[in-house]
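Overview (structure and organization)
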Amino acid sequence: MSTTRATHAFKTPCEQCPLRPLPTFREFSRDELDFVSKFKRGELAADAGATILVEGAHSAHLFTILSGWGFRYKALEDGRRQILNYVMPGDLIGLQGTIMGEMQHSVEALSPVSLCVFERDKLMTLYNKHPSLAFDITWMAAQEERMLDEHLLSIGRRTALERAAYLIAFLFQRANRLKLFNGHKTIPITQQHVADTLGLSIVHTNKTLRKLAERGMIRWQERACEVLDPDGLMSVAEWDGLSSEMRPFL
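Source: prediction; values computed, not measured.

Analysis parameters
- Residues numbered from 1 in each chain as written.
- Predicted model: local features only at pLDDT ≥ 70, side-chain atom pairs only at ≥ 80, totals over all residues.
- Heavy atoms only, no water.
- Helix = DSSP H or I, 4+ residues; strand = E, 2+ residues; numbered from the N terminus.
- Buried < 20%, exposed > 50% of the residue type's maximum accessible area, 1.4 Å probe, protein only.
- Pairing = 2+ DSSP bridges.
- Axes fitted to C-alpha atoms, helices over the stretch in contact; angles between N-to-C directions.
- Parallel < 35°, antiparallel > 145°, perpendicular 65-115°, else oblique.
- Contact = heavy atoms within 4.5 Å.

Topic: unusual backbone geometry
In this model, Lys-179 sits at a positive phi of 55 degrees, which is unusual for a non-glycine residue. On the secondary structure map, Lys-179 appears in the loop between helix H5 (160-177) and strand E10 (186-187). Phi at Glu-238 is positive, roughly 55 degrees, even though this residue is not glycine. Here Glu-238 lies in the segment after helix H8 (230-237).

Structure representation (structure tokens):
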């Protein structure tokens, strides 16, 4: 059974965070790093398939993904779901529950995930004493909105082939910047995940992905997609790629 496990001891000191050396993230000042170190209460480990946050729940914590992959989704009463976006290292989750009182979506782990845990009650201290970190949180919320805009455009106006190409190229670019690939460039998603993201039936999704595979752009594995031609996927999707600007994280 998939589980989550709390670890209250600091397994990873903020000063030794493996994400900080990555060129995609902005550097912290000494004061900011000291604050975040105190803001952090521990770490949480989640198995693949575990639910990290549940729609409608009230959480006392915020989380930053430290390692692994997950996704945000909303579900209907009959079990059908819409995957809204995917979460990777450096992403902040749980902010919605802090601002609105309860989560408006759920978050599930795609792979084993580790998360930094922050106390929600101390968020106002961050806003009052560290405006640069407060701006970072605002930036992350705006960035999430920008990605959702692109996803909505894809579902509403791209063809099935363009949608699939865009999704895989988008996930590839995000993961590549975070150096998540070790050898083969594989994304840990199933065809059901793709169908639930693109709003297609599993049969239509299978036929669409097979077309990309026939063009030599992807190779489908049992529970993963290997990316062979990311530039070709971007061309099919008519997508220019992610912005190259540095990004913040907590």
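Once the structure has been displayed, the description carries forward.
Some details on the pairing of strand E9 (residues 113-119)
The buried fraction of E9 amounts to six of the seven residues, a majority that puts the element mostly inside the structure. Pairing of strand E2 (residues 40-46) with E9 involves six bridges; the strand directions are antiparallel. Along E9, the bridge assignment pairs Glu-43 with Cys-116. Where strand E4 (residues 61-67) lies against E9, six bridges are found, and the strand directions are antiparallel. When the bridges of E9 are listed, Phe-63 appears paired with Val-117.

With respect to the packing of helix H6 (residues 191-198) against helix H7 (residues 202-214)
The N-to-C vectors of H6 and H7 enclose an angle of 105 degrees; their axes lie 9 Å apart at closest approach. Judged by the angle between their axes, H6 and H7 are roughly perpendicular. Contacts between H6 and H7 involve Gln-191, Gln-192, Val-194 and Ala-195 from the first element and Ile-202, Thr-205, Asn-206 and Leu-209 from the second.

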